[in-house]
Structure formats: C-alpha cells, structure tokens
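Listed here are the chains, written in short residue letters.
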Amino acid sequence: EVALRLWLLGARTEALLSSPWQALAPIFFLTYMFASGLLFYLSEQSLPGRLKIFLNIIHLLVTFAIAAIIYPLGFGFDAFVHRATETWIFKYGAIFPKPPYYIGQYSLVVWLGHLTQIPLFYIDVYLVPILSALALPTVLTYTLKRAFDIKTAYAPLFIWAIPFIPFLSLHLTTPHNLALLISILIIFYSFGYLKDNLSGLILFALGVSALSTHPLVGAPIFIFTLSVIGLKKFTNKKILQAFIGSVSLLLISLSLPLMFIVNNLRAGLGLPFLVNPLTKINTFFDLFSRPYWYADKSPIIFELLYAWQALLAPMVIILAILGFVLFQKKFKAAGFFIFLATAFSFVLGAWLLKSWIVFPDVVSYEQSDFPLRLAKASLIFLLPFFAYLLYLVKKRLENKKLYSGLALILIAGALMLSFYLSYPQRNLKARFPGKNITVSDFRAVDWIHRQSDQYDYIVLANQLVSAAAL
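Residues numbered from 1 in each chain as written. Predicted model: local features only at pLDDT ≥ 70, side-chain atom pairs only at ≥ 80, totals over all residues. Heavy atoms only, no water.

Our next topic: the overall build of the chain. Looking only at helices and strands, one finds 19 helices and 2 strands in the chain. Scaling as 2.2 N^0.38, a compact globule of 470 residues should have a C-alpha radius of gyration of about 23 Å, and the chain matches this with 23 Å. In terms of overall dimensions, the chain has a C-alpha envelope of 70 × 50 × 50 Å along the principal axes. Expressed as a percentage of its 470 residues, the buried residues of the chain come to 49%. (Helix = DSSP H or I, 4+ residues; strand = E, 2+ residues; numbered from the N terminus. Rg over C-alpha atoms; globule rule 2.2 N^0.38 Å. Buried < 20%, exposed > 50% of the residue type's maximum accessible area, 1.4 Å probe, protein only.)

Our focus in this paragraph is the packing of helix 1 (residues 2-10) against helix 2 (residues 26-43). The N-to-C vectors of helix 1 and helix 2 enclose an angle of 150°; their axes lie 10 Å apart at closest approach. The orientation of helix 1 with respect to helix 2, classified from their angle, is roughly antiparallel. The handedness of the crossing between helix 1 and helix 2 comes out as left-handed. Contacts between helix 1 and helix 2 involve Leu4, Trp7 and Leu8 from the former and Ile27, Phe28, Thr31, Tyr32 and Ala35 from the latter. Across the contact of helix 1 with helix 2, the residue classes tally to 7 nonpolar, 1 polar and no charged. (Axes fitted to C-alpha atoms, helices over the stretch in contact; angles between N-to-C directions. Parallel < 35°, antiparallel > 145°, perpendicular 65-115°, else oblique. Left-handed = near helix turned anticlockwise from the far one by under 90°. Contact = heavy atoms within 4.5 Å. Nonpolar A, V, L, I, M, F, W, Y, C, P; charged D, E, K, R; others polar.)

In this section: empty space enclosed by the protein. In total, this model carries 3 cavities of 30 Å³ or more according to the counting rule given. Taken as a whole, the largest cavity holds about 90 Å³ of empty space. Thr63, Phe64, Pro163, Leu168 and Ser422 are the residues nearest the centre of the largest cavity, which is lined by 15 residues in total. Going through the elements one at a time, helix 3 (49-64) and helix 17 (401-421) are the ones with two or more residues in the lining of the largest cavity. Taken together, the residues of the lining of the largest cavity break down into 10 nonpolar, 5 polar and no charged. Within this model, the second largest cavity holds a volume of roughly 70 Å³. Taken together, Ala67, Ala68, Tyr71, Gly74, Phe75, Ala79, Arg83, Asp124, Val125, His171, Leu172 and Thr173 form the lining of the second largest cavity. Secondary-structure elements contributing two or more residues to the lining of the second largest cavity are helix 4 (66-70), helix 5 (78-92) and helix 7 (120-148). (1 Å grid on protein atoms, 1.4 Å probe; cavity = no way out; pocket = protein on both sides within 12 Å on 5 of 7 lines; lining within 4 Å. Points joined across faces, edges and corners; volume = space filled by probe spheres on them.)

Taken as a whole and assessed by the stated rule, the structure comprises 44 aromatic pairs. Taking the centre distance of 6.2 Å and the plane angle of 75° together, the rings of Trp7 and Phe28 count as edge-to-face. With Trp7 in helix 1 and Phe28 in helix 2, this pair connects stretches of sequence that are 21 residues apart. With a centroid separation of 5.1 Å and 90° between ring planes, the pair formed by Phe324 and Phe385 is classed as edge-to-face. Pair noted here: Phe324 is in helix 13 (residues 300-331) and Phe385 is in helix 16 (residues 383-396), with a separation of 61 residues, a long-range link. Under the relative-accessibility criterion, Phe324 is labelled buried at 15%. (Phe/Tyr/Trp six-rings, centres within 6.5 Å; stacked < 30°, edge-to-face > 60°.)

In this approach, a probe sized like a water molecule rolls over the atoms, and the result shows the empty space that is left. Put simply, the second largest pocket is a space of about 630 Å³. Lining the second largest pocket we find 26 residues, and of these Phe40, Leu390, Ala407, Leu410 and Ile411 sit closest to its centre. Every element with two or more residues in the lining of the second largest pocket is listed here: helix 2, helix 13, helix 16 and helix 17. In terms of residue class, the lining of the second largest pocket is built from 22 nonpolar, 2 polar and 2 charged.

As a packed pair, helix 8 (residues 175-195) and helix 9 (residues 200-213) sit with axes 9 Å apart at the nearest point and diverge in direction by 160°. Accordingly, the angle class assigned to the pair helix 8 and helix 9 is roughly antiparallel. Our pair here, helix 8 against helix 9, has a crossing hand that is left-handed. Taking contact as the criterion, the partners of Pro175, Leu178, Ala179, Ile182, Ile186, Tyr189, Ser190 and Tyr193 in helix 8 are, on helix 9, Gly200, Ile202, Leu203, Leu206, Gly207, Ser209, Ala210 and Thr213. Of the residues that constitute the contact of helix 8 with helix 9, the class distribution is 11 nonpolar, 5 polar and no charged.

Looking at the element boundaries, Gly323 is found in helix 13. Sequence separation of Gly323 and Leu392 is 69 residues, and the distance between their C-alpha atoms is 8.7 Å. Each residue touching Gly323, except ones within four places of it in the same chain, is listed here: Phe385, Tyr388 and Leu389.

Moving on to a nonpolar patch on the surface. Together, Leu278, Ile281, Phe285 and Phe288 give the surface a local cluster of nonpolar side chains, amounting to about 410 Å² of exposed area. You can see Ile281 is positioned in helix 12 (residues 281-285). Judged by its relative accessible area of 32%, Ile281 is partly exposed. (Patch = residues over 30% accessible without salt bridge, like charges linked within 9 Å, V, L, I, M, F, W, Y side chains within 5 Å. Areas by Shrake-Rupley, 256 points an atom, 1.4 Å probe, with all protein chains shown as cover. Salt bridge = Lys/Arg side-chain N within 4 Å of Asp/Glu carboxyl O.)

Here it is in structure tokens:
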C-alpha cells in the first residue's frame, strides 16, 4: 500500500493526460494485484474483525483516489461546476436561482468546510472516494453477516464485488456519484433489513439523503426504500407484497421520464415530443455500443482485455440471478424479489427515457447520457445476490487449499483488470479523447481576465477552459 501511494504521488501532474495510466508503469498494476491478493489472504486469517475492515478501507482508498491524487488541479468537468457552486454558497450563504436538486451534496460540503476549515477544494475532491472507502466495508460487513448468516471472517471479502464492476464510478465527487454510493448502502442495508431486525429509520434516512442529493437517481431509490419498508411490514401477506412490488415497478419505471418532463416545463422549454418507443428499440440498444474512439483492430492482449470488459455486465447479471435462486432456495425469504424487480424497472425507465421522449433543445449525446447511467445503475440491485454466489463458491473451496489459492489469484487478477477499466484509458484499442485541466488552462483564463476590467466579453473555448474559468 505504501509503494502504491508513493507511485501515485510521484505521478502527480499539471500537464496534459488523456488517462491517469499514462503516468504509471505496468509494475504499478502488478503491485496492485499483489496487494489485493495479500488483502484477501489476510481476510481469511484469524485477525480481529476491526483490523480486517481497516485493511479493506486502506486498499479501497487507493482504488478510489487515483484521479484525486494524480490530478492536483481537479479532474473531469461536472465536478468543477459543482465545486464552483459550493464555493459560492460557502462565501455568500446561497446561490440564485436556487437549484431544486443537489442540495444533499452542496450542504454537506459547505457544512464540512465551515466545520473543519479545510479548503473546500480538498473536501469536494476527496468526499466520495473517502466516504466510499469508509462506508462500504463497515456497512456491508455489518449487513452481510446478518443477511447470509456468513462467517465474520469472510464478510469483508465481498465488499470487492462493487469495484469489480468498473463503471460503478466512486472516484469522482459529483451528486450522481454520491447518490450512487448512498444507493449501494441502501441496497445492502435493505438486504439485511428484510432478513434481520435492523432499524427502518436508518433506511428511511438514507433514502431521504439520496433524494436530496440527486433526485433523478434518488427518486427511484426513495420509492425502492419505501417499498422495502412496506414489504417488511407485510412479510406474511403475499397479496399485499405482490401489490407493493407491482406499484413500485410501475412508479420507478415512469418516475424518471416524468421527472424529465416536469424539469423541462420548469425550465420553460415546454413539453418534449413523445414517440412510439416500440419503433425506437434500436436507439436503446445503441446506448451499449462502444464509442467512436475504440479501434476496430488492436494487438490480441487488448482485444482480450476489452472482450473481458464487454462480458463483465452479462456475467454479473447471470451469476446474480443464479445467486438469487440459490438464496431463495435456502432461506425461502419473502420480499427479496423487489431487488430484481427494481433492476428491471431501472432498465425499463432507461428504455422509455431514450426511446419514448425526445427533447428538441437537448444535444443528442446528453440525451443518451442519463438513460445509460440508469441502465448501468440497475446492476447495483443485483450486487447482494452476486456477493452471495461468491460466498457459496468460497464455502465450497474452504478446505481445498490448492483450488482456493488459484481462485484467490484469479480474483486478484480480475480485480486488477476492473481497476484499470475504472478510469479513462489511452492505449492501442481505447483512444479516449478526453483531457484533463492543465496549468496552461488556468494561465489562459487569468491572462484573459486581466485584459479588461469590464467583464462583458465571451470566450469561445473547449469545456476544460470553461471549467478553469469557473
């Protein structure tokens, strides 16, 4: 872990990069794989439970903090917009017109800024990576022990089902990613809540937090939260449970398209066009096609890597469904169908949002962005069953040291590949065109700013210069 951090600190740059991996040598990834394997090995040993959780926190901090460490000026574009808003609120108490969303992140960052007096930049940049590293091991270990009747020694291992899916991005602080983290906590806590006597008040509070942080993600999660509480209340009434599940599926599927329509009306843009979604099925499947920057041909090692990337989501879906069947077979627990139903409703909502509604004043790639996010987020509802299947495999190999050791090496290697795929890549197959903000962008903005004391000019520039101006 120390070596990994030293490499990252040595790779910090204010120069131009298309990928953070351009600043690191291949030995970094082999070291990460070794550290992951050693962590899994130690998690199986008779160490104190708190020590195991601490070790997982340390390794997750490396996993989620790559961009925060390598890019000292900041990373991405949306993060700069939100950080500028938070800075304004920190200085002046409010920003007008007051946005009806993102309040959860803005208030948390500003409150922490006043409380700690740490510069707002660092609080914002490290908020989601640090919260993820702290919350996932503690919450998941606590709930999985109750949900699976799992050995305490094994519980921390299954935290890594989350970073195993590379597009569940928890390395960048935005309201969407913060709401995604809260949603993962809600899902695993809901699993424990339905199986054991956990507090419904905590679950409700998490639902409200997600709703206030990013309503477009938080609203369906909040509906899911209320459904779980209702299912727990009517555990022995199958008709009521079926009714709750059906209403939840319908509300979640329709909530996002309806919220986008309401937001369009609120912004004064009028009603969008409604088209027959059955005629636009191809546009929905186009969401999952690879972007233009992927080369058709590349060396075999890269073809295998990106074949693995394409197989990840289908593999997790299949294994999670198998895990659900085996879980139900053993525990015969009521209400757990809500996880699969909600995953389906997220995909259905993404299809409707992409194929049913056309916003004439929204650029096409932005119109595709949120349905794709929604489809990807559907996988988080399958994660507990995916973790359960991994647990069953682990139990089967418990007394077979050779096979257990080989499985440990394979899992550490697979996690290393997911780690690489979690951040933008620039190689012979994936030629990601994105760039980071550099010190030159800030110098350009400063030079333009000093040319006149009258701020009535417009500058035509790319998004990174615009972010630097903010």
